[in-house]
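Structural description and commentary
Here's the letter readout for the chains.
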Amino acid sequence: MLHGCNQGRDLQGDSFVTQLGYNEVGEENDIIIVYPQALPWGNFNPLGCWDWWGYTSPSYALKSSIQMNIINGILDRLLETKLQAGQKEEEEVEERHATDEL
């Protein structure tokens, strides 16, 4: 979930995360909700906005852009963690089956 300008945690606290209801929807539907932060940065991005109009570069919407690269990295980490958890669960199931067969 990308926040709007002046809506980052540094300015709004946890209200964006706790009052919108996305966490509850995610919990009910087994969906991970991520709240990456765009921080104010001098005159370049004083309001802490996500780049949806090209202030970081003309390629702002591509995977190779600064902000999309960060989001892509977050997703990669989530998928990696999910895969590792799934592999561990499979190993535990195999161990139980092996023990049951003895």
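Residues numbered from 1 in each chain as written. Predicted model: local features only at pLDDT ≥ 70, side-chain atom pairs only at ≥ 80, totals over all residues. Heavy atoms only, no water.

Okay, the packing of aromatic side chains next. On inspection of all chains with the given rule, the structure shows 5 aromatic pairs. Relative to Trp53, the ring of Trp52 lies with its centre 5.0 Å away and its plane at 75°, an arrangement referred to as edge-to-face. Pairing Trp53 with Tyr55 gives two aromatic rings, centres 5.0 Å apart and planes at 45°, and the pair type is tilted. Through a chain of ring-to-ring contacts, three or more aromatic side chains come together here, namely Trp41, Phe44, Trp52, Trp53 and Tyr55. (Phe/Tyr/Trp six-rings, centres within 6.5 Å; stacked < 30°, edge-to-face > 60°.)

Before going further, it helps to examine the state of the cysteines. For the structure shown, the criterion picks out 1 disulfide. Disulfide pairing is shown between Cys5 and Cys49; the S-S distance is 2.0 Å. Because the torsion about its S-S bond is 125°, the bridge between Cys5 and Cys49 counts as right-handed. In this pair, Cys5 is assigned in the segment before helix H1 (9-12) and Cys49 in the loop between helix H3 (22-29) and helix H4 (66-101), connecting sequence segments 44 residues apart. Judged by relative accessible area, which is 4%, Cys49 ranks as buried. (Disulfide = S-S within 2.5 Å. Helix = DSSP H or I, 4+ residues; strand = E, 2+ residues; numbered from the N terminus. Buried < 20%, exposed > 50% of the residue type's maximum accessible area, 1.4 Å probe, protein only.)

Applying the stated criterion across every chain, the model contains 1 salt bridge. For Asp14, the salt bridge identified is with Arg9, shortest N-O distance 2.8 Å. (Salt bridge = Lys/Arg side-chain N within 4 Å of Asp/Glu carboxyl O.)

Here the protein shows a mean pLDDT of 88. Residues at 70 or above account for 98%. By mean pLDDT, the top-scoring element of the protein is H3 (96), and the lowest-scoring one is H4 (84). (pLDDT = per-residue confidence, 0-100.)

What follows concerns a negative patch on the surface. Side chains of Glu89, Glu90, Glu91, Glu92, Glu94 and Glu95 sit close together on the surface and give a patch of like negative charge. For Glu92, the position within the fold is in helix H4. When its relative accessible area of 37% is taken as the criterion, Glu92 is described as partly exposed. (Patch = residues over 30% accessible without salt bridge, like charges linked within 9 Å, V, L, I, M, F, W, Y side chains within 5 Å. Areas by Shrake-Rupley, 256 points an atom, 1.4 Å probe, with all protein chains shown as cover. Lys, Arg positive; Asp, Glu negative; His and termini not counted. Charge placed at Lys NZ, Arg CZ, Asp CG, Glu CD.)

Structurally, Gly21 is set in the loop between helix H2 (15-19) and H3. With a relative accessible area of 24%, Gly21 lands in the partly exposed category. Along the backbone, Gly21 and Ala98 are 77 residues apart, and their C-alpha atoms lie at a distance of 44 Å.

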